[in-house]
Every structure is written in structure tokens, then in C-alpha cells.
Amino acid sequence: MDINSASTVVLQTLTQAASQDTTILKPAEEQLKRWETQPGFYSALLNIFNNHALDINVRWLAVLYFKNGIDRYWRRIAPHALSEEEKSSLRAGLIANFNEPVNQIATQIGVLIAKVARLDCPRHWPELIPTLLESVKAQDDLHQHRALLTFYHVTKTLSSKKLVADKKLFQDLATGIHSFACSLWNHHTDTFLQQICTGDTGAIHSLERTLLSLKVLRKLTVHGFMEPHKNLEVMEFLNAVFERLKQFLECRRQVNQENTCSEKLEKTIILFTKVLLDFLDYHPFSFISLIQRSLEFAVSYVFTGAGEGVVFERFIVQCMNLIKMIVKNDAYKPAKNTEESKPETMEAHKIKIYFFSYSTLTEICRRLVSHYFLLTPEELSMWEEDPEGFAVEEAAGDSYKYSLRPCTEVLFLDIFHEYSQTLTPVLLEMVQNLHGPTNVDNTVGLVVKDAVYNAIGLAAYELFDSVDFDQWFNSQLLAELQVTHIRYKLIRRRVIWLIGQWISVKFKSELRPMLYEAILNLMQDQDRVVRIETATTLKLAVDDFEFRTEQFVPFLENIFSLLFHLLQEVTECDTKMHVLHVISCVIERVGMQIRPYVGSLVQYLPLLWKQSEDHNMLRCAILTTLVHLVQGLGADSKNLYPFLLPVIQLSTDVSQSPHVYLLEDGLELWLVTLENSPSITTELLGIFQNMSALLELGSENVRTCFQIINAYIFLSSSEFLQNFAAALCQSFCELMQDITTEGQVQVLKVVENVLKVNPILGPQIFQPLLPSVLKGILDGEKYPVVMSTYLGIAGRVLLQNTGFFSSLLNQIALELNQEMEQLLGNIIEMWVDRMDNITQPERRKLSALALLSLLPSENSVIQDKFCGIINICVEALHDVLSEDSDTGTYKDCMVMSHFEEQKVSEDEEPPTEQDRRKKLLALKDPVHSVSLQQFAYEKLKAQQELLGEQGFQSLMESVDTEVIRQLQGFLQKL
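Everything quoted here is computed from the prediction, not taken from an experiment.

**Student:** Looking at this structure, I do not really get the pattern of salt bridges. What am I missing?
**Tutor:** Counted under the stated rule, the structure contains 47 salt bridges. For Lys 115, the salt bridge identified is with Asp 71, shortest N-O distance 3.1 Å. Within this pair, whereas Lys 115 is found in helix α6 (residues 103–120), its partner Asp 71 is found in helix α4 (residues 56–73), the two being separated by 44 residues in sequence. Owing to a relative accessible area of 43%, Asp 71 belongs among the partly exposed residues under this scheme. Between Arg 512 and Asp 544 there is a salt bridge, with the nearest N and O atoms lying 2.7 Å from each other. Within this pair, whereas Arg 512 is found in helix α24 (residues 512–522), its partner Asp 544 is found in the loop between α25 (528–542) and α26 (549–569), the two being separated by 32 residues in sequence. Look at Arg 512 and you get buried, because its relative accessible area is 0%. For Asp 544, a relative accessible area of 6% gives the class buried.

Listed below in C-alpha cells is the structure:
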């Protein structure tokens, strides 16, 4: 691509690509895509974005295409990589001048240069840093700013490289330029401070340079030194940060909030704190000399009058983070045996002990609770105007990264945990001063009590031994919940929240009914925030391990009804999700006892599902509720099918976009629906059309998919297999070629279940898979769990469909060009050898039954393996027989004579319809319907009759005498 002619044609195409008309835009984009690998294309782009006379949008596009090209074609080993000659020319052109007039484009060029620097600096681009250092000294304001902007992006990018050699290069760079960067920063800082004092309009530009140079210093200081405390200039800079911070804070006090510098000033102040926080994070031991000064600075501005009129919320958060990081830092905590601690750790620990005196800790604690924990006028206003928004934001807690309230609460917890012995009496005194109900006209008193109760709730685990919560609940908190005045809603809401915090810490079980009574009353409160908070505490109460259903059932109907009304009343998506989670939790804990009360909810959920079409997370909450609802309703869940089955269909259809959000919960709902279904329906069967694509997806949900397949087999094997056997077998054959060992076992278990349910049709359905099972046994499969499943499948076919087993063996013999009898002998030998791989008693008994089924026989191979068959038989008899001490006889404990309804305790899940189906199936299963003792006796007797006494005795001599003795002991006590 000739550069002179190329620039014109590329410019024309870029102009078309910037068009809003897709008929013009699309062909232009395709043409640019084709040019990406053409020599000279990036040189043309450089010419275009460096031409300030051209349209801004076109130049912007040129920069973006150039930037994307670096990622794809700049590396030497990349396909269609740029030539070294063109790259050299481009590097020179990128730093030829720093005079870009458009801020956004200047930033992109800076990022672009940094990307090249990451790959080429310093080895292939040694002139970059010297050029930048020279350019930032320029007298021209624009030139200086753009060079400084580029300098920052280059420094930021180089500091992020992780390889040891790259880190060493950056450290060498930092050592060489840190002093220069410091002097540059000081110069711009002093200039700004002078200009702001004199009202010079150029102050904003100097502040911008101060900010950029400080950003450079942050990267150099934090990432450029292995042991920064040994570098005098670095430590001088860090100490200077405190003085500069004070100057900028004072400057902010004087600057009008409408001043154009105000926002940039706050950004710079925050950047100062980031320098300290990053340095502490990366170099805790180097930070030790700064601990005292950092704590004095942060505590002074946040917890004394020094910060009044100066501090702002984001700065307070940063200061609190600084205190928190020092308090929690593991590098500053001595080992239990202090002699094992590093000297630096002990030094830091002593500084902390000296600083955090009783008076300082007390002041911090009191100030946190009585100042920062107080609900603000803005929050109280939000409570009134948007109660759901207020409740959701409160519940979100520390997910608001830069929000002041969660930050103060985290700091309180960290300090209280570290210094609980000192602070517990302080907090308890604050509570004692608030004994009894507060006057509803005392707004300040109500807000203060709310704050103190908040502290008691947050510190619940720390206060376990110091607060008799049960007594407090009885003597005061219950009474406060009964104050119904509208202004007392602050305390009602806080008290029920407080109880929620203590439920899992210290709350007597016998007090639960009193709590449920209080919850029932509060769920009828006139304030929505109180009702939402009460629902949260209810969830904590029923989700607690000390929850007792019988205590809750008397309140269930009324509380569930009120929860349902709250669900209907709230309008925000997040709040509906929250209430749904509470409802789900209640249904899950009370199980079948929910059945009489869910009618209204069942009628409402289809409407809510329709309304939430654009809110997939709300739909996830609905799916979770449906899961617990189906489990609670059991077989009665069939009445939900007109709504339930379309929901499952949509949620598990990978061709529908919502499946990305709904699939996991949808699969869970599908599974519990099958497990609780009393019978198959055409619609329920039809959903299985979704399964083939799900198995191809091979996601982390594949285990649930196999559980669903098994559930269909147990529910209605004949109809299911009639419709889907061929497709299922094909899917399994494809899966077995590229699947983990665990996945193979899941596939084989499905095959085993089909054989169990339908021993005649099953082998024919999975005929393509079964040869690999027998070959796996012959090859001595190395994974025990896979071998165990192979033997389980072989045992089923051999015992229950002997004819098919013979034809299968004949097929493999032909394939391997071996004698069929020889293969049978090899299989029996491997079976005996790998019997220890089988850990499940059912499969061990099945193996014994299967191998005994080969008797009686005159086949020399079977007689040759007779010893092994008897060994397996005796092992299995040890597993399954139990002796009746009264009669001295043995009984096969796996034999089930009739169906017994399972008795379950309160803490156990009631049996599902699938559990019942499995038990009924077991009654027909030889493992549970045939006595191994009786079967062995009959088979050996038949063998004796076939061979005669002498021939049988000769056969028995091949068996170990001790094994024979044990066998006779089992068989004599029939």
C-alpha cells in the first residue's frame, strides 16, 4: 500500500465508516478489515489522526483502528505481523510531536503509545522515555500536558507487567527517573498553589499537570522499588504527601464548590490517599515508618474537629480504609509466640499499641456510633419518599464500595474485633444510657438509639459473653416493638433487625414463639420499611439450625398470608426478589405443612412471571420459589403443570436467550418436578426435547441433566424410552468419546438404571455402548469407579438377559478374532481380580448372583474359574447376611418382601414420589428379591447333581479350605 495514495483512499473509507447510514457504513468496515494486514495501512492511519484539520470522528476512528491493530499485528510472531521497518517509522511518528488539540483523542493516542511501549520499550524503543522526559519540560502548555499524559499511560502500562525481567526493567527505570518525577510534581504543585491563591485562571491547567505527575509518581513509587524504605527520595516523597494533602485540603476549604477546580481538587486529594493505600498494600514493612503519621493524620481529620468544613465523603472513606488496613494488616500482628515474630512486625505492633490508647479508641468508637452511624436527613427523606429504595440500599451493605455508611460499619467491626476488651464496656455504657422507650418527640434521641442498636447488632459475635440478649429481649426489646407510634418506626425497624443479627449468636429456643408473635404483628406495620426488615429477620429465624417447625406452625398461616400481601404490594424488582427469597425459605423449612396456604401464591406467580419478562434475576427468584413449592406440594404439584411446564421449557431451552440466566434454576425445577410427579404427562415428556442440546453444551449443569434423565427412567421408562431411546443412545455415544471420567460414570449409571428398570429391552437400546463395557473389563479399566460401573452393567445383563450376554460376547469374539469361551474366562478372571473396586453392597451382591447364574455348567472354562466364583460368592455373603441370635440362622438383609412407607423425623425430608418408585422397583430387582444364600445353595446343588458327587468334590477341591468352611457355615443355616 503506497503511503501517499493510501492515505487518501483510507481517509475516504474511514469517512464512510463514520456514517450513520448502515448501507454506507458496513461496506466501509469490511474494506477496513481487509486492509488490516496490508503493509502501509497503519502508516496511513497515523497520517490521518495526526492531521488536525480533518473531521474529529474520522480521526477518532483512525486511532481506534491503529490501537486494535497493535493487539493483533504488532508482535513479531503474530500472523501478518507488521514489518520492522514500518514499526520503526510508526514509533518515530507517534512521538514526533505532542500537540493533539482534542482531549479524547490525546488520551487514546497516549494509551496507544503505551501499548507499543509494553511490547517494545526499552529494547526496540530506547528513545521513548528520554523523549517524554524532555517533552514534559516544554514551555508550551499543550505540548507539556500531552507529553505528561503520555508519560502517565506509559508508566502505568510498564508497571503492570508481571514477568521478573520486566519488573527489573521497570525498577531500573523508576530508579533513574523518580527524582525527576518528584521535582516535576513539586514544580506543578507549587505553581498551582500560588495560582489558586492569586485567583489566576491558569490554576486549573496546573492542577491537571499536578494530577498527572502524581499519577506517574504513584506507579513509580509503588511498583518501582523492591525495598522502597531504603531509598531516601522515595520516603521523602511519601512524607511530603501528608504535607501536600493538608495544603490541598485547606485549599479546598477556600475554593468555592462551584469553582471549576473543585472537582479536580477532590480527585487529586483522593489520589494522595491512593498513593498511601497502595504503598501500604504492596510494601507493609516499608510503610512502618509511616504508620504513626498515617494514623494521626486520618484520625485527626475523621474523628476530631480538625476535619470540619474540610473533609468530604470520599476522603473520609479513604481515611477509614487507611486506618482499617493498618489495624487488620497481618504483617503487623505478632505470632502467638512473640519470639517467632519478625523485628519489623514487633516494631509495627508497638506503634499501634502506643497510638491506640484507651482514650483514642474510646473517642473513635463513640464518634463512629454517635456521628457516622446516625441516619442522615437525606436517608430519612429517602425512607419517606422511596421506602423500597431505602430498604434495598441498606440491605446491600458494603457492596457500595465508596459509600460512607458501610465503610464506617466495617471499620467499627475491625476495630471492635481487634480491641474488644477495651471497647465492650464503652458500647455497653452507651446502651445502658438508652434504657427504656425513647420519647417519640425526641427525634435526635431516636436516631441515636438507632445508631447504638446498630452497633450492638454488628458486634453480636464479639459481645456474646457480655450481653444477656435473652433477658434484654424480654425486658426491653419486645416492649419497644410494641410501640406503634409512626415516629417510633426507626426503632421498630432497628430492633427487629437487631434480633435478626443475634438469632444465630445467642437466642433461646423457647423464646421463638414470642419472636414469631412479634414478627406477625410487625408484618402488619403501617411502615413498609419495617415490614421488609421484618421479612428479613423471619428468613434468618427459619433458616437457623435451631428452628423448630412445631413452634412456627401456629403462626404459619397468618405470616405466610402477610408475606404474600407484601410481595404483591412492593413494586421494585429487587424488593420482590427479596420477599420471594423469604417465602422460598419458609416453604422449604415447613415442607408439606405449607400445602393449605399456597393457593393465592400459586395463582399470583404466573402473573409475576409475565410481568418480569425483562427482569431475569427476578425470574430466577421465581424459579427458586417454585422449586421449594413443588417440594412442599409433592404429588399435588401436578396441579401447577399448566404454568410450571412452560416455565421449565423456556428456562432450559438453549435457543432462547433467557437461558443464560435461568438454566441452572430451571434444571433444578425440572428435576424436582419429575421427582414429585405422580405420573408422566405428554407435556412433561415433551420438555425432554431440550435435553439433547443441553448435553452438547456440556456445562457445569451436566450432572443435573443426568439426574433428570434418570428421573424420567424411573417415572415412565417405557414411554420415555419409546420416544427418546435412539436419540439418547446417540448422545451418549458422542459424549463417551470426549468426556471426563466422572462424566463417563454418569452416562454408565443411566445405562445401568435402564437395565434395572427394563432388563429385556434395555440391552437392545444401548447395544452400541455395551461392547465397550465388556472390552473395558477385559482391558482392566484403571479407574476403580468406572470398573465398578462396568461390572454392575455386565452383572445386570448376565443375570437378567443371558441370551443377550452370549450374543454380545460372540460379537466381541468375532471382532477380536478370539474364542468366545476364552473371552468369558478372561472376563470372569478380571471380575474376580477387581472385585475390590466394587464398594457398593448392592453391586457386590449383584456380581455374586451374576457369576453364580453361570452354574450349573459342564463348560471347562466356567469350571476352571469355579474357585473365583465361589470366592466372590462368600465375600458377598459376608456383606449381606445377618445372623439371628435367637435362632442361629442367617438372613439376607437386602431382601425386601413388601413396600414399607418410610418414617421420617422432623429434620428429614419426606420421601418423594421418585423415592416410592425406586422402592417399588427394588421389589422386582433380583438384588432385593432373591436371597443370595438360597440362590448359592440351589446353584451348587444343581452343579453337584450335574457332575455327580465325585466330579463335584473334585471341583470343590480347587477352592481354599477356609473359604469352603465359611461357605458351609452360611449354607447350613438356611
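**Student:** Before we go on, may I ask you to explain a negative patch on the surface in this structure?
**Tutor:** Side chains of Glu 385, Asp 386, Glu 572 and Asp 574 sit close together on the surface and give a patch of like negative charge. Topologically, Asp 574 is positioned in helix α27 (residues 573–590). Judged by its relative accessible area of 46%, Asp 574 is partly exposed.

**Student:** Would you mind going over helix α5 (residues 84–94) with me for this structure?
**Tutor:** Taken together, the buried positions of α5 are Glu 86, Lys 87, Leu 90, Arg 91 and Leu 94. Take α5 and look down its axis: the buried residues cluster within an arc of 135°, on one side only. Close packing links the buried residues of α5 with α3 (41–49), α4 and α6.

**Student:** Before we go on, may I ask you to explain the side chain of Gln 551 in this structure?
**Tutor:** Following the sequence through the fold, Gln 551 ends up in helix α26. Setting aside residues no more than four positions away along its own chain, Gln 551 makes contact with Ser 509, Glu 510, Arg 512, Pro 513 and Tyr 516.

**Student:** How should I be thinking about empty space enclosed by the protein in this particular structure?
**Tutor:** In this approach the atoms are scanned with a rolling probe the size of a water molecule, which exposes any empty space left behind. With the rule as written, the count across this model stands at 3 cavities of 30 Å³ or more. If you add up the space inside the largest cavity, you get close to 140 Å³. What lines the largest cavity is a set of 16 residues, among which Leu 94, Asn 97, Phe 98, Glu 100 and Ile 109 lie closest to the centre. For the lining of the largest cavity, the elements supplying multiple residues, two or more each, are α3, α5, α6 and α8 (141–159). Top contributing element to the lining of the largest cavity by residue count: α6, with 4 residues.

**Student:** Where do I start with the nonpolar core in this structure?
**Tutor:** What tends to happen in soluble globular proteins is that the nonpolar side chains get buried as a cluster. Of all hydrophobic cores here, the largest spans 336 residues; its most connected members are Phe 66, Phe 412, Trp 670, Ile 709, Tyr 712 and Phe 732. Top element by residues in this core is helix α34 (residues 702–737). It accounts for 16 residues. For Phe 66, the residues in contact, after removing those within four places along its chain, are Tyr 42, Leu 45, Leu 46, Phe 49, Trp 74, Leu 90, Leu 94 and Leu 112. Core analysis: the next-biggest nonpolar cluster, separate from the first, contains 6 residues, Leu 375, Trp 383, Phe 390 and Val 529 among them.

**Student:** Which parts of the structure should I look at to understand the packing of aromatic side chains?
**Tutor:** Any pair of aromatic rings gets described here by the distance separating the centres and the angle formed by the planes. Applying the stated criterion to the full structure yields 38 aromatic pairs. For the pair Phe 303 and Tyr 372, a centre-to-centre distance of 5.9 Å together with 80° between the ring planes defines the contact as edge-to-face. Here Phe 303, found in helix α13 (residues 288–303), pairs with Tyr 372, found in helix α16 (residues 358–372); they are 69 residues apart in sequence, far enough to count as distant. Given the relative accessible area of 2%, Phe 303 is considered buried. The interplanar angle of 90° and the centroid separation of 5.4 Å between the aromatic rings of Tyr 453 and Trp 472 together place this pair among those described as edge-to-face. Taken together, the residues span a long stretch of sequence, with Tyr 453 in helix α21 (residues 443–458) and Trp 472 in helix α22 (residues 469–481) at a distance of 19 residues.

**Student:** Honestly, unusual backbone geometry in this entry has me stumped. Any pointers?
**Tutor:** What is expected of a backbone is that most residues other than glycine have negative phi and most peptide bonds are trans. The peptide bond linking Cys 121 to Pro 122 adopts the cis configuration, its omega dihedral lying at 5°. Note on placement: Pro 122 falls in the loop between α6 and α7 (128–135). In this model, Leu 855 is joined to Pro 856 through a cis peptide bond whose omega is -5°. Even without glycine at this site, Asn 817 takes up a positive phi of about 60°. Here Asn 817 shows up in the loop between α39 (802–816) and α40 (820–833). With relative accessibility at 72%, the residue Asn 817 sits in the exposed group.

**Student:** It is not clear to me how a nonpolar patch on the surface should be interpreted in this structure. Could you clarify?
**Tutor:** Taken together, the side chains of Met 617, Val 660 and Tyr 661 present a nonpolar region at the surface, about 330 Å² in accessible area. As for its position among the elements, Tyr 661 is in helix α31 (residues 659–676). With a relative accessible area of 45%, Tyr 661 lands in the partly exposed category.

**Student:** Help me out: how do you make sense of the packing of α8 against helix α10 (residues 203–223) in this one?
**Tutor:** Two measures define how a pair of helices packs: the angle their axes make with one another and the distance between the axes. Contact geometry for α8 and α10: axes closest at 9 Å, N-to-C directions at 25°. Accordingly, the angle class assigned to the pair α8 and α10 is roughly parallel. You can see that α8 and α10 cross each other, and the crossing is left-handed. Along its contact with α8, which presents Asp 141, Leu 142, Gln 144, His 145, Leu 148, Leu 149, Phe 151, Tyr 152, Thr 155, Lys 156 and Ser 159, the element α10 presents Glu 208, Arg 209, Leu 212, Ser 213, Lys 215, Val 216, Lys 219, Leu 220 and His 223. The residue makeup of the contact of α8 with α10, split by class, is 8 nonpolar, 6 polar and 6 charged.

**Student:** Please clarify how the state of the cysteines should be interpreted in this entry.
**Tutor:** What makes a disulfide is a covalent bond joining the sulfur atoms belonging to two cysteines. Tallying each qualifying case throughout the model produces 0 disulfides. For the unlinked cysteine Cys 197, the closest cysteine sulfur is that of Cys 251, found at 6.5 Å. As a non-bridged cysteine, Cys 873 has Cys 867 as the owner of its nearest cysteine sulfur, 12 Å distant.

What counts and what doesn't
- Residues numbered from 1 in each chain as written.
- Predicted model: local features only at pLDDT ≥ 70, side-chain atom pairs only at ≥ 80, totals over all residues.
- Heavy atoms only, no water.
- Salt bridge = Lys/Arg side-chain N within 4 Å of Asp/Glu carboxyl O.
- Helix = DSSP H or I, 4+ residues; strand = E, 2+ residues; numbered from the N terminus.
- Buried < 20%, exposed > 50% of the residue type's maximum accessible area, 1.4 Å probe, protein only.
- Patch = residues over 30% accessible without salt bridge, like charges linked within 9 Å, V, L, I, M, F, W, Y side chains within 5 Å.
- Areas by Shrake-Rupley, 256 points an atom, 1.4 Å probe, with all protein chains shown as cover.
- Lys, Arg positive; Asp, Glu negative; His and termini not counted.
- Charge placed at Lys NZ, Arg CZ, Asp CG, Glu CD.
- Arc of directions from axis to C-beta.
- Contact = heavy atoms within 4.5 Å.
- 1 Å grid on protein atoms, 1.4 Å probe; cavity = no way out; pocket = protein on both sides within 12 Å on 5 of 7 lines; lining within 4 Å.
- Points joined across faces, edges and corners; volume = space filled by probe spheres on them.
- Core = buried A, V, L, I, M, F, W, Y, C linked by side-chain atoms within 4.5 Å.
- Phe/Tyr/Trp six-rings, centres within 6.5 Å; stacked < 30°, edge-to-face > 60°.
- Axes fitted to C-alpha atoms, helices over the stretch in contact; angles between N-to-C directions.
- Parallel < 35°, antiparallel > 145°, perpendicular 65-115°, else oblique.
- Left-handed = near helix turned anticlockwise from the far one by under 90°.
- Nonpolar A, V, L, I, M, F, W, Y, C, P; charged D, E, K, R; others polar.
- Disulfide = S-S within 2.5 Å.

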